[in-house]
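# Structural characterization, general
What follows is the residue order along each chain.
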Amino acid sequence: MGMKLAISGKGGVGKSTLAAALALILSERGRRVLAVDADPDANLAAALGIPRADRDRIVPIAEQAALVEERTGAKVKQYGQLFKLNPDVADIASTYALRLDNVALLVLGAVSKAGGGCACPESVLLRALVTDLVLYKDDALILDMEAGVEHLGRATARGVDAMLVVVEPGQRALDCARRIAEMAAGIGIRRICFVANRTTGPEDEAFVRDALPRDDVLGAIPYCEELRRADRDGESVLSALRPEQRAWFEAILARLEENLRR
Ligand SMILES: Nc1ncnc2c1ncn2[C@@H]1O[C@H](COP(=O)(O)OP(=O)(O)OP(=O)(O)O)[C@@H](O)[C@H]1O
Ligand SMILES: [Mg+2]
């Protein structure tokens, strides 16, 4: 069965890093991945290592007014209109995504804020994309969410199998992670897991494991110069990792797959 994931967490906590790493590892295993950047401040393309020239050519879905209008029957960025509740999304990935090996990337762009709420056309479209997209056996959908909790009010991630909340070993990131988990449960997401990032030793990892439901902490990604440098140099998150560093992400994925089978 295909797997649909959303990655969320406080700003800067490592969401795009985790989203890109999981997408690339699955892709290397021959699985097709639809990666969706649902953050208006989009940066998943960079984390995937897509060259700047290609990144610059991406037109976010929300800016493809004709597409959103056609699929939702609404004029983009105008409120109070009726639109189709079930836009057809079957072909969106194949028609509008940027491809990198087995990864197809869709960039959502900025959704209407004021008055739009969960009924704005872009949210309706994204929600339909997540819920209605039928994945083939081993395919995966990975959503890189906007930081914080606000987007949860739009419930765009409602249809995922699991939400992964990235957390740093600190009170503020933990508080944010707990709020996200609560709201994610509130919109009906059944499986909520946590990933510790930028840990600097076993104490950090223990801190996170003790603060959250133990079985739901999938693993930890230590602070790692290679990850920081990959971002600086515009390379994919996996590009500079040594095998034992890549294994952090593989272990998280294995734990997740195990959780999803339960
Ligand atoms: N374990 C780590 N060790 C070192 N640097 C890291 C680690 N994880 C992430 N980073 C770096 O931290 C920065 C922020 O990471 P990332 O972009 O993945 O966060 P984000 O949660 O997606 O941020 P935003 O909220 O802005 O979308 C990047 O420069 C990234 O390379
Ligand atoms: Mg990000």
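Placed above this text is the structure.
The structure displayed is predicted, hence computed values, not measured ones. (Residues numbered from 1 in each chain as written. Chains lettered and ligands numbered in written order. Predicted model: local features only at pLDDT ≥ 70, side-chain atom pairs only at ≥ 80, totals over all residues.)

## Points about the overall build of the protein
- For the protein, the helix and strand inventory stands at ten helices and eight strands.
- In terms of overall dimensions, the protein is globule-like: its C-alpha atoms have a radius of gyration of 18 Å, near the 18 Å expected for 262 residues.
- C-alpha atoms of the protein, sized along the principal axes, occupy 55 × 40 × 35 Å.
- Of the contacts formed within the protein by residues at least 6 apart in sequence, a portion of 75% connects residues at least 24 apart. (Helix = DSSP H or I, 4+ residues; strand = E, 2+ residues; numbered from the N terminus. Rg over C-alpha atoms; globule rule 2.2 N^0.38 Å. Contact = placed C-beta atoms within 7 Å.)

## Things to note about the sheet that holds strand S5 (residues 140-144)
- The eight strands lie next to each other as S3-S4-S2-S5-S1-S6-S7-S8, forming an open sheet whose pairing is mixed. In this open sheet, the two edge strands, each paired with only one partner strand, are strand S3 (98-100) and strand S8 (217-222). Neighbour-to-neighbour, the strand axes of this sheet turn through a mean angle of 20 degrees, independent of strand direction.
- Across five bridges, strand S2 (residues 33-37) lies against S5 in parallel orientation. Each bridged residue has a counterpart across the sheet, and for Val 36 the counterpart in S5 is Leu 143. (Pairing = 2+ DSSP bridges. Axes fitted to C-alpha atoms, helices over the stretch in contact; angles between N-to-C directions.)

## Observations regarding the environment of Ile 92
- Along the chain, Ile 92 falls in helix H5 (residues 92-96).
- The exposure class assigned to Ile 92 is buried, which follows from the 22 C-beta atoms found within 10 Å.
- Residues Ile 92 and Leu 67, 25 residues apart in the sequence, show an inter-C-alpha distance of 9.4 Å. (Buried ≥ 20, exposed ≤ 12 C-beta atoms within 10 Å, placed from the backbone.)

## Observations regarding the nonpolar core
- Of all hydrophobic cores here, the largest spans 87 residues; its most connected members are Leu 5, Ala 23, Ala 35, Leu 48, Leu 105, Ile 142 and Leu 143.
- A per-element tally of this core places helix H1 (residues 15-28) first, with eight residues.
- Filtering out sequence-adjacent residues up to four positions away, Leu 48 remains in contact with Ala 20, Ala 23, Leu 24, Ala 35, Leu 100, Val 103, Leu 105 and Ser 236. (Core = buried A, V, L, I, M, F, W, Y, C linked by C-beta atoms within 7 Å.)

## Details of the pairing of strand S1 (residues 3-9)
- Among the seven residues of S1, seven are classified as buried, and the element is accordingly described as predominantly covered.
- Neither face of S1 is exposed, since Met 3, Leu 5, Ile 7 and Gly 9 on one face and Lys 4, Ala 6 and Ser 8 on the opposite face are all buried.
- Pairing analysis gives five bridges linking S1 to S5, with the strands arranged parallel. The residue bridging Ile 7 from the neighbouring strand is Asp 144, located in S5.

## Comments concerning the site of ligand 1
- Taken together, 19 residues sit near ligand 1, with Lys 15, Ser 16, Thr 17, Ala 147 and Asp 231 positioned nearest.
- Residue assignment for the shell around ligand 1 shows that the elements contributing at least two residues are H1, strand S7 (192-199) and helix H9 (225-232).
- Each residue belonging to the shell around ligand 1 can be placed in one class, and the counts come to six nonpolar, eight polar and five charged. (Near = placed C-beta within 6 Å. Nonpolar A, V, L, I, M, F, W, Y, C, P; charged D, E, K, R; others polar.)

## So, the packing of H1 against helix H10 (residues 243-261)
- Between H1 and H10, whose axes approach to 10 Å, the crossing angle comes to 80 degrees. Taken together, the axis directions place H1 and H10 in an arrangement best described as roughly perpendicular. Contacts from Ala 21, Leu 22 and Ile 25 in H1 reach Phe 249, Glu 250 and Leu 253 in H10. (Parallel < 35°, antiparallel > 145°, perpendicular 65-115°, else oblique.)

## Quick word on unusual backbone geometry
- Of note, Asp 101 is a non-glycine position whose phi angle comes to about 50 degrees, a positive value.
- Take Asp 101: it is sitting in the loop between S3 and strand S4 (103-107).
- Residue classification places Asp 101 among the partly exposed residues on the basis of 13 C-beta atoms within 10 Å.

## Points about the packing of helix H4 (residues 65-72) against helix H6 (residues 121-132)
- Where H4 meets H6, the axes come as close as 10 Å, and the angle between the chain directions of the two elements is 70 degrees. In this view, H4 runs roughly perpendicular relative to H6, as classed from their interaxial angle. Along its contact with H4, which presents Val 68, Arg 71 and Thr 72, the element H6 presents Pro 121, Glu 122, Val 124 and Leu 125.
- Within the contact of H4 with H6, the residues separate by chemical class into four nonpolar, one polar and two charged.

## Things to note about the pairing of S4
- Across the five residues of S4, five count as buried, placing the element largely inside the fold.
- Side chains of S4 alternate between two faces, with Val 103, Leu 105 and Val 107 and Ala 104 and Leu 106 buried alike.
- Pairing between S2 and S4: five bridges, direction parallel. Counterpart to Leu 34 in the pairing with S4 is Ala 104.
- Pairing between S3 and S4: three bridges, direction antiparallel. Directly across from Leu 98, in S4, lies its bridge partner Leu 105.
- Counting the residues in the hairpin turn of S3 and S4 gives two residues, including Asp 101, whose phi is positive at 50 degrees.

Shape is all these values report; function is a separate question.
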